[in-house]
Amino acid sequence: MTLTAHEQDIKTQAQVEAIAQEIKTTQPLTSQLHPIASLPSHLNLEADLQSNKNGQNFMDGCRYLATQYTSFRAIRGDGNCYYRAFLYSLCEKLLRRDTSKVKRKVTSKVSSTNTSTNTSTDTST
């Protein structure tokens, strides 16, 4: 039985959607914080990295990162990962500052943005 182009497109789209759903259910958007030293093991690369020159360069990079940062957070790679990582990091840094002025500014901006994008006048939700 040969499928028409339209039937094949529908079948392909269903398969793509099933894969996307599986990824959503098995991979969180973000992880908890992990120590930067655990980066190679987190990526399941430890054995491969020890056996070649590129692996040594990667390990050198991990050691350098450990001098600059204490932890990392894994982000699901789904096409929006850059924006999610950037905004997550920005929010974490702002909230760690513990200054009421900064928190008020961020809250005000988020509230005004939410208000300007929300066309509904119903405030019960």
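Model, not experiment: these values are computed from the prediction.

Overview of the overall build of the protein chain
1) Next: Along the backbone of the protein chain there are 6 helices and 2 strands.
2) Next: For the protein chain, the α and β elements follow one another from N to C terminus as α-β-α-α-α-β-α-α.
3) Next: Sequence-distant contacts in the protein chain: of pairs separated by 6 or more residues, those separated by 24 or more amount to 58%.
4) Next: Only carbon and sulfur atoms are counted for the fraction: they give 56% of the accessible area of the protein chain, which is about 10400 Å².

Quick notes on the packing of aromatic side chains
1) Next: All told, the structure shown has 2 aromatic pairs when counted by the stated rule.
2) Next: With 5.4 Å between their ring centres and 80° between their planes, Y82 and Y83 make a pair best called edge-to-face. Take Y82 and Y83: they sit in the same class, and that class is exposed.
3) Next: When the ring of Y82 is compared with that of F86, the centres are 6.4 Å apart and the planes differ by 15°; the resulting orientation is stacked. You can see Y82 and its partner F86 sitting in helix α5 (residues 81-96), 4 residues apart, about one turn around the helix.
4) Next: According to the relative accessible area criterion, F86 is partly exposed, its value standing at 47%.
5) Next: These aromatic residues form a ring-pair network of at least three members: Y82, Y83 and F86.

Some words on the side chain of R76
1) Next: As for its placement among the helices and strands, R76 is situated in the loop between β2 (71-75) and α5.
2) Next: Residue classification places R76 among the buried positions, given a relative accessible area of 11%.
3) Next: Reaching out from R76, the side chain makes a polar contact with the backbone oxygen of Q27 at a distance of 2.7 Å.
4) Next: Not counting residues up to four positions away in its chain, the partners in contact with R76 are I23, K24, Q27, P28, L29, C81 and R84.

A look at a positive patch on the surface
1) Next: On the surface, K101, R104, K105 and K109 cluster together into a patch of positive charge.
2) Next: Counting through the fold element by element, R104 comes out in helix α6 (residues 100-117).

Details of the pattern of salt bridges
1) Next: Inspection of every chain in the model, using the stated rule, returns 4 salt bridges.
2) Next: When the shortest N-O distance is used, the salt bridge between R73 and E92 registers 2.3 Å. Highlighted residues: R73 in strand β2 and E92 in helix α5, separated in sequence by 19 residues.
3) Next: Here D78 ties to R84 by a salt bridge, and the two come within 2.9 Å at their closest N and O atoms.
4) Next: Three or more residues joined by partner-sharing salt bridges are found here, namely R76, D78 and R84.

Points about the confidence of the model for the protein chain
1) Next: Residue-level pLDDT values for the protein chain average 79, and 80% of them are 70 or greater.
2) Next: Averaged pLDDT values over the elements of the protein chain bottom out at 60 in helix α3 (residues 46-50) and peak at 90 in helix α1 (residues 5-26).
3) Next: The low-confidence segment residues 117-125, where pLDDT is below 50, has 0 contacts with residues more than four positions distant or belonging to other chains.

Rules behind the numbers
- Residues numbered from 1 in each chain as written.
- Predicted model: local features only at pLDDT ≥ 70, side-chain atom pairs only at ≥ 80, totals over all residues.
- Heavy atoms only, no water.
- Helix = DSSP H or I, 4+ residues; strand = E, 2+ residues; numbered from the N terminus.
- Contact = heavy atoms within 4.5 Å.
- Areas by Shrake-Rupley, 256 points an atom, 1.4 Å probe, with all protein chains shown as cover.
- Phe/Tyr/Trp six-rings, centres within 6.5 Å; stacked < 30°, edge-to-face > 60°.
- Buried < 20%, exposed > 50% of the residue type's maximum accessible area, 1.4 Å probe, protein only.
- Polar contact = N/O pair within 3.5 Å; in protein donor to acceptor, adjacent residues only side chain to side chain.
- Patch = residues over 30% accessible without salt bridge, like charges linked within 9 Å, V, L, I, M, F, W, Y side chains within 5 Å.
- Salt bridge = Lys/Arg side-chain N within 4 Å of Asp/Glu carboxyl O.
- Lys, Arg positive; Asp, Glu negative; His and termini not counted.
- Charge placed at Lys NZ, Arg CZ, Asp CG, Glu CD.
- pLDDT = per-residue confidence, 0-100.

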